[in-house]
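Here's the letter readout for the chains.
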Amino acid sequence: MTDYRTVGLVHLFIAAVSVLVPLIGAVVAGTFLRRRGRNARLAMIGCLVTAPGPIVLVLGTGLGLDTVFSGLEPLVAISIVSAIASLFHLAGFVLILAGALTAPARPAAHQAPYPYAAPFHVYPTDAPPGH
């Protein structure tokens with residue numbers, strides 16, 4: 001295998017991990033929806049927003065930027081695609097932080113606990129003496 005193929009395979013592996021990690025994070029955040037509510041929803045949306053970033057980067061650099069950005073130098077075109085991918089990462093990171101750092105929502109109908117629970121057994125009043 002040539003060096004370029006090896007580097008390409010390593011790049012694809014890193015891109016696959018970069019896509020799978022946010023998707024796994026979205027699944028984990030989805031399991032906490034009942035307990036954490038809005039916070040877990042924000043974290044899950046943040047993970048889903050982060051996932052397309054590496055896809056944009058791989059597709060943008062792999063499909064030949066010279067046809068898309070024909071008037072620009074290749075380094076400038078790669079920088080533009082990287083900036084677009086970074087916007088996905090930044091937006092997802094902000095949503096994940098918002099879900100992690102905001103206070104959990106309180107239930108609307110918060111019920112106070114009973115001040116004293118009565119015993120379930122009743123002592124008979126007409127029991128014979130000594131019993």
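Small disclaimer: the values here were computed from a predicted structure and weren't measured. (Residues numbered from 1 in each chain as written. Predicted model: local features only at pLDDT ≥ 70, side-chain atom pairs only at ≥ 80, totals over all residues. Heavy atoms only, no water.)

Chemist: Tell me about the overall build of the protein chain, residues and numbers included.
Modeler: What the protein chain contains, in helices and strands, is six helices and zero strands. Sequence-ordered secondary structure for the protein chain, helices as α and strands as β, is α-α-α-α-α-α. Within the protein chain, buried positions represent 17% of all 131 residues. Across the protein chain, every contact between residues at least 6 apart in sequence was considered, and the portion connecting residues at least 24 apart equals 71%. With the model as given, the accessible surface of the protein chain reaches about 10,500 Å², and the carbon-plus-sulfur share is 71%. (Helix = DSSP H or I, 4+ residues; strand = E, 2+ residues; numbered from the N terminus. Buried < 20%, exposed > 50% of the residue type's maximum accessible area, 1.4 Å probe, protein only. Contact = heavy atoms within 4.5 Å. Areas by Shrake-Rupley, 256 points an atom, 1.4 Å probe, with all protein chains shown as cover.)

Chemist: Any details on the side chain of T50? Residues and values, ideally.
Modeler: With respect to the helices and strands, the residue T50 is situated in helix α3 (residues 38–50). From its side chain, T50 meets the backbone oxygen of G46 in a polar contact 2.8 Å long. Those residues in contact with T50 that sit more than four places away from it in its chain are P22, F88, H89, G92, F93 and I96. (Polar contact = N/O pair within 3.5 Å; in protein donor to acceptor, adjacent residues only side chain to side chain.)

Chemist: Give me the packing of α3 against helix α6 (residues 74–101): which residues, what numbers.
Modeler: Each pair of packed helices gets described by two things: the angle between the helix axes and the distance between those axes. The contact between α3 and α6 brings their axes to 7 Å, and the two run at 165°. The orientation of α3 with respect to α6, classified from their angle, is roughly antiparallel. Here α3 runs over α6; the crossing is left-handed. Each of N39, L42, A43, I45, G46, C47, V49 and T50 in α3 lies in contact with α6, whose residues at this interface are F88, H89, A91, G92, F93, L95, I96, A98 and G99. Here the contact of α3 with α6 is built from residues that sort into eleven nonpolar, six polar and no charged. (Axes fitted to C-alpha atoms, helices over the stretch in contact; angles between N-to-C directions. Parallel < 35°, antiparallel > 145°, perpendicular 65-115°, else oblique. Left-handed = near helix turned anticlockwise from the far one by under 90°. Nonpolar A, V, L, I, M, F, W, Y, C, P; charged D, E, K, R; others polar.)

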